[in-house]
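Architecture at a glance
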Amino acid sequence: MTEYGRGYGSEPWHPEDPLYGDQGPYGGQAQQPQWNGQQPAGYPQQHPHPQQHPQHPQQQYDPGHGGWTGAPQAGRQPYDPYDPYGQHPQHPPADPYAAQGGHEYYGGQDGYPFQETQQLPAQQAVPPHAQQQYGQVPHPQHPDGHTQEYGPQHPQQGEPHYDDPAAVGDDWRAEPEPAERGPGDSFFADDPDDGPGDLDREDEEQSGRERRGKKNKRRSGTACLVVILALGGVVGTVGYFGRDFIMRHFGSAPDYTGEGTGEVQVVIPDGVPLSEMGAILAKDDVIKSAGAFTEAADNNKASRSLQPGTYSLRKQMSAAAAIDLMLDPKSRNGLTIREGLRASAVYEMIDKKLKLKAGTTKEVAKSQAKNLGLPSWADDSPKIKDPLEGFLYPSTYSVGDNAKPADVLKEMVGRATQEYQKYDLEANAQKFHLTSPLQLITVASLTQAEGMTHDDFRKMAAVVYNRLAPTNRDTFQRLEFDSTFNYLKNQSKINISTEEIRHYNDPYNTYFYKGLPPGPIGNPGADALKATINPDNSDKWLYFISVDGKTTEFTTNYKDHEKLVQEFNKRQQEKKKQNGN
């Protein structure tokens, strides 16, 4: 059995196959009804006593006795036309093809008779032309209660037999009389090739046998194609016109008018795209609908620059007015932490932003430091002045009026931890002979504090590593950075006396102690962090000074550095004279 039809073998075609009974262009010749005794051809011949030869069954074709005769194949039974289901008590199950006359549909002349086929179903409608050929007579009810409503009618006396060619003309396969349009008629009534009652070749080959209620496949396929094309056209039309169609028939999305009233703070969380901001604003009754926000954003290219944060807006604004206000920096309740800012300065900014008493955030940082998400390596020395130093990452944060200091600090620490993961701190600490990731952050904070421009950072990081080297015979592992002394004093001075700075005993005083300070002295940004893991090793930089206060000069020896120091002092004297000091 092939997938699309019967193969070339003798395997039967199952009655439930959707193509059962189809005599298409490959199905062979039309069946030729003949008389054999009292039965017309096309119906199985009864064999009351079939001879079975299990080992060598033989059959012969007898054109005068209705087709194949002889021993049927093993397991076959004669067919009783009045009991097609094999239920008559006196008739065993029949083989409907054991002695069928005419040409076999798929074998026939090649010697491959059918083994089995579908039994004639009861109460099946007989096409009009079949009724003319065979008649339609109800048969008596059998003892088992089965009634066959349709079947071959025995010819009456005087009627022509179908096996007599003279009785029906030159060709006994005469064309049926024109009838009502049947399943084989042309689908289109105006088809010039098909008139009423015309049959395709498939229908002509089926005209000699009873129709089994099979729908015309060509008509069904055409109808399905028409439906699919219609649906595809509808979907394509809607997709093509889309939003313009809706706007034209249903109007714009609901929207308020005017600038709104009152004041409301709206928080746009991180990661929220522009398409979802409208829903948040509509929920807080800033705008009337998210659709209005989308339309206003489409008409304002600057809306693409909107960022997450806390905004001070008004109630019941038009969507266009809301976008304009959000683009105004004054409406943004953000807190910006610049690179290198100390933790003490960050605490003061949070207090002012939240309108808290001075020192409130600093106290929270001191008491809740362990609950703010610091990594395990953050506070590894009891000498560290502030465990949050170096972990309040420079960025802009959304801080509303109702925010809590602990929440703001926790967000900053989380951002720092996230950013630090990009730099593989542990591996790079070992690379530069440091004992922990915290020391790498400390180097970055020194680089950030001493560098004047971004171009200075790589050379400044190289100065730190070169002064920490055991081979340093100029400063003997002392950094001697003014920035560390200013940190411990919480000041920012340029002119510091040598007597004071060299004799002040504090772990953060790099003039007094060798090596790095216990922890960071500020919060470094991305540029300083990148420079720390990629210093400028083009030369052995050891000294630096900013003569004009705008650029930094680097040298490799003290003699060159002293010349720059003298120039710096000369400039300072001139400034004093200008100021009248």
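Residues numbered from 1 in each chain as written. Predicted model: local features only at pLDDT ≥ 70, side-chain atom pairs only at ≥ 80, totals over all residues. Heavy atoms only, no water.

Let's talk about the overall build of the protein chain
In terms of helices and strands, the protein chain carries 17 helices and 10 strands. Per-residue burial for the protein chain yields a buried fraction of 41% across its 581 residues. For the protein chain, contacts bridging at least 24 residues in sequence account for 64% of all contacts bridging at least 6. For the protein chain, the accessible area works out to roughly 33,700 Å², and carbon and sulfur atoms hold 50% of it. (Helix = DSSP H or I, 4+ residues; strand = E, 2+ residues; numbered from the N terminus. Buried < 20%, exposed > 50% of the residue type's maximum accessible area, 1.4 Å probe, protein only. Contact = heavy atoms within 4.5 Å. Areas by Shrake-Rupley, 256 points an atom, 1.4 Å probe, with all protein chains shown as cover.)

Some thoughts on helix 7 (residues 319-326)
Among the eight residues of helix 7, six are classified as buried, and the element is accordingly described as predominantly covered. Buried residues belonging to helix 7 abut helix 5 (274-283), helix 6 (290-298) and strand 6 (309-315).

Observations regarding the pattern of salt bridges
In this structure the tally under the stated criterion is five salt bridges. Ionic pairing is found between Lys 422 and Glu 419, a salt bridge with its closest N-O pair at 2.9 Å. A residue is classified by how much of its surface remains accessible, and Lys 422, at 60% relative accessible area, is exposed. When salt bridges with common partners are traced through the structure, they connect Arg 415, Glu 419 and Lys 422 into a single cluster. (Salt bridge = Lys/Arg side-chain N within 4 Å of Asp/Glu carboxyl O.)

Examining the packing of helix 8 (residues 343-353) against helix 9 (residues 360-367)
Between helix 8 and helix 9, the shortest axis-to-axis distance is 7 Å and the interhelical angle comes to 125°. Viewed along their axes, helix 8 and helix 9 adopt a mutual orientation that is oblique. Where helix 8 abuts helix 9, its residues Tyr 347, Ile 350 and Asp 351 lie against Thr 360, Thr 361, Lys 362 and Ala 365. When grouped by side-chain class, the residues that make up the contact of helix 8 with helix 9 number three nonpolar, two polar and two charged. (Axes fitted to C-alpha atoms, helices over the stretch in contact; angles between N-to-C directions. Parallel < 35°, antiparallel > 145°, perpendicular 65-115°, else oblique. Nonpolar A, V, L, I, M, F, W, Y, C, P; charged D, E, K, R; others polar.)

Section: the side chain of Ser 395
Inspection of the secondary structure puts Ser 395 in the loop between helix 9 and strand 8 (396-398). Taking relative accessible area as the criterion, Ser 395 reaches 16% and is therefore assigned buried. Once residues lying within four places of it in the same chain are set aside, the contact partners of Ser 395 are Leu 335, Thr 336, Ile 337 and Arg 415.

Details of the packing of helix 9 against helix 10 (residues 405-420)
Interaxial distance between helix 9 and helix 10 falls to 9 Å at its minimum, and their mutual angle equals 60°. For the pair helix 9 and helix 10, the crossing hand works out as right-handed. Residues Thr 361, Val 364 and Ala 365 of helix 9 form the contact with helix 10, whose own contacting residues are Pro 405, Ala 406 and Leu 409. Classifying every residue of the contact of helix 9 with helix 10 by side-chain character gives five nonpolar, one polar and no charged. (Left-handed = near helix turned anticlockwise from the far one by under 90°.)

Comments concerning the packing of aromatic side chains
Enumeration according to the criterion identifies 10 aromatic pairs in this entry. Between Tyr 543 and Tyr 558 the ring centres are 5.7 Å apart and the planes differ by 65°, which places this aromatic pair in the edge-to-face class. Here Tyr 543, found in strand 9 (residues 543-545), pairs with Tyr 558, found in helix 17 (residues 558-578); they are 15 residues apart in sequence, far enough to count as distant. Residue classification places Tyr 543 among the buried positions, given a relative accessible area of 7%. Exposure remark for Tyr 558: the relative accessible area of 46% places this residue in the partly exposed category. A centroid spacing of 6.2 Å and a plane angle of 40° characterise the contact between Phe 544 and Phe 554, whose relative ring orientation is tilted. (Phe/Tyr/Trp six-rings, centres within 6.5 Å; stacked < 30°, edge-to-face > 60°.)

Thoughts on the nonpolar core
Ranked by size, the top nonpolar core spans 58 residues in total, and within it Leu 392, Leu 409, Met 412 and Tyr 420 carry the most contacts. When contributions to this core are tallied by element, the ones reaching two or more residues are helix 8, helix 9, helix 10, helix 11 (425-431), helix 12 (437-450), helix 13 (457-468) and helix 14 (482-489). Among the elements that make up this core, the one with the highest residue count is helix 10 (seven residues). The next biggest cluster of nonpolar side chains, apart from the first, holds 22 residues, and it includes Val 286, Leu 306, Ala 321 and Met 326. (Core = buried A, V, L, I, M, F, W, Y, C linked by side-chain atoms within 4.5 Å.)

What to know about the confidence of the model for the protein chain
Predicted confidence across the protein chain gives a mean pLDDT of 73, with 58% of residues reaching 70 or more. Ignoring residues within four places in sequence, the model shows residues 1-11, a span with pLDDT below 50, making 13 contacts including any to other chains. Predicted confidence is poor over residues 128-215, with pLDDT under 50, and the contacts of this stretch with residues over four places away or in other chains come to 139 contacts. (pLDDT = per-residue confidence, 0-100.)

Some remarks on helix 17
Spanning 21 residues, helix 17 covers 30 Å between terminal C-alpha atoms, matching the ideal 30 Å at 1.5 Å per step. Listing the buried residues of helix 17 in full gives His 561, Leu 564, Val 565, Phe 568 and Gln 572. Taken down its axis, helix 17 places every buried residue within 110° of arc, on the same side. Turned more than 90 degrees off the buried face of helix 17, the exposed positions are Lys 559, Lys 563, Lys 570, Lys 577 and Gln 578. Buried residues in helix 17 make contact with strand 9 and strand 10 (553-555). Of the residues that open helix 17, the one with a side-chain oxygen 3.3 Å from the backbone nitrogen of Lys 559 is Asn 557. Following helix 17 by one or two positions, Gly 580 has its phi on the positive side, about 80°. (Expected span 1.5 Å × (residues − 1). Arc of directions from axis to C-beta. Polar contact = N/O pair within 3.5 Å; in protein donor to acceptor, adjacent residues only side chain to side chain.)

Overview of the side chain of Thr 442
Its location among the elements puts Thr 442 in helix 12. You can call Thr 442 buried: its relative accessible area is 1%. Among residues more than four places away in sequence, those in contact with Thr 442 are Pro 517, Gly 519 and Pro 520.

Some thoughts on the environment of Thr 360
By secondary structure assignment, the location of Thr 360 is in helix 9. Considered as a pair, Thr 360 and Ile 350 are 10 residues apart in the sequence and their alpha carbons are 9.0 Å apart.

Considering unusual backbone geometry
Residue Gln 316 is not a glycine yet carries a positive backbone phi of 55°. In this structure Gln 316 comes out as partly exposed when scored by relative accessible area, which is 40%. Its identity as a non-glycine residue notwithstanding, Phe 476 has a phi of 50°, on the positive side. You can see Phe 476 is positioned in the loop between helix 13 and helix 14.

Side note on the environment of Asp 527
Mapped onto the elements, Asp 527 comes out in helix 16 (residues 526-533). With 69 residues separating them along the chain, Asp 527 and Arg 458 place their C-alpha atoms 9.2 Å apart. Non-local contacts of Asp 527, meaning those with residues more than four positions away in its chain, are made with His 454 and Phe 457.

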